[in-house]
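Here are the chains, one letter per residue:
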Amino acid sequence: VQLVEFGGGLVQPGGSLRLSCEVSGIAFAFYDVGWYRQAPGKQRDKVARVTPQWNTYYADDVKGRFTIYRDNGRLTVDLQMNSLKPEDTAVYYCYADRPGQKPYWGQGTQVTVSS
């Protein structure tokens, strides 16, 4: 199983980034997929997820700014991040899980929001 993230980087406050995660080795369409993030010295928190039924969840502090997309044909889950704030700075991790199984994680990609 592999989850590989792309798209992190440095962006100014108010800017946008799109993260992408390519997944292989699992029956992608049957998994919840999404993103967590971890800032220095803090716990890893869920940012967004989308279920196989296309139900979405967003953390309160990203609602209205971030949008999650899944593509069951390309086996990808993307996170479009707009109106970025310095407090969005973190390592972002892609994940995939389903009930009764351990989650799978990507290696993480750094997002830094700074002027």
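Higher on the page you've got the structure.
So, here's what we can say about the structure.

Cut-offs used in this document
- Residues numbered from 1 in each chain as written.
- Predicted model: local features only at pLDDT ≥ 70, side-chain atom pairs only at ≥ 80, totals over all residues.
- Heavy atoms only, no water.
- Buried < 20%, exposed > 50% of the residue type's maximum accessible area, 1.4 Å probe, protein only.
- Helix = DSSP H or I, 4+ residues; strand = E, 2+ residues; numbered from the N terminus.
- Pairing = 2+ DSSP bridges.
- Contact = heavy atoms within 4.5 Å.
- Salt bridge = Lys/Arg side-chain N within 4 Å of Asp/Glu carboxyl O.
- Core = buried A, V, L, I, M, F, W, Y, C linked by side-chain atoms within 4.5 Å.

**A short note on the pairing of strand S4 (residues 32–38)**
Stage number 1. Of all seven residues in S4, five are buried; the element is thus mostly enclosed.
Stage number 2. As paired strands, S4 and strand S9 (residues 90–97) are joined by seven bridges and run antiparallel to one another. Pairing of Val-33 across the sheet is with Ala-96, part of S9.
Stage number 3. Note that S4 and strand S5 (residues 45–50) share five bridges and pair antiparallel. For Tyr-36, the partnering residue across the bridge sits in S5 and is Lys-46.
Stage number 4. What sits between S4 and S5 in their antiparallel hairpin is a turn of six residues, with Gly-41 showing a positive phi close to 75°.

**Some words on the side chain of Asp-78**
Stage number 1. Mapped onto the elements, Asp-78 comes out in strand S8 (residues 76–81).
Stage number 2. If we skip the residues at most four places from it in the chain, Asp-78 touches Arg-18, Leu-19, Ser-20, Cys-21, Trp-35, Thr-67, Ile-68 and Tyr-69.

**Here we look at the pairing of S8**
Stage number 1. With six of its six residues buried, S8 lies for the most part within the structure.
Stage number 2. Sheet analysis places strand S3 (residues 17–24) next to S8, joined by six bridges and oriented antiparallel. Bridge pairing in S8 links Glu-22 to Thr-76.

**Some remarks on the pattern of salt bridges**
Stage number 1. Tallying each qualifying case throughout the model produces seven salt bridges.
Stage number 2. Connected through shared salt-bridge partners, Arg-37, Asp-61, Arg-65 and Asp-88 make up one network.

**Quick look at the nonpolar core**
Stage number 1. Membership of the largest hydrophobic core comes to 30 residues, with the highest contact counts inside it found for Trp-35, Val-47, Phe-66, Ile-68, Leu-79, Met-81 and Tyr-92.
Stage number 2. Contributions of two or more residues to this core are made by S3, S4, S5, strand S7 (66–71), S8, S9 and strand S11 (109–113).

**Overview of unusual backbone geometry**
Stage number 1. At Trp-54, a position not held by glycine, the phi torsion is positive, near 70°.
Stage number 2. Tracing the chain through its elements places Trp-54 in the loop between S5 and strand S6 (56–58).
Stage number 3. Classification of Trp-54 as partly exposed rests on a relative accessible area of 48%.

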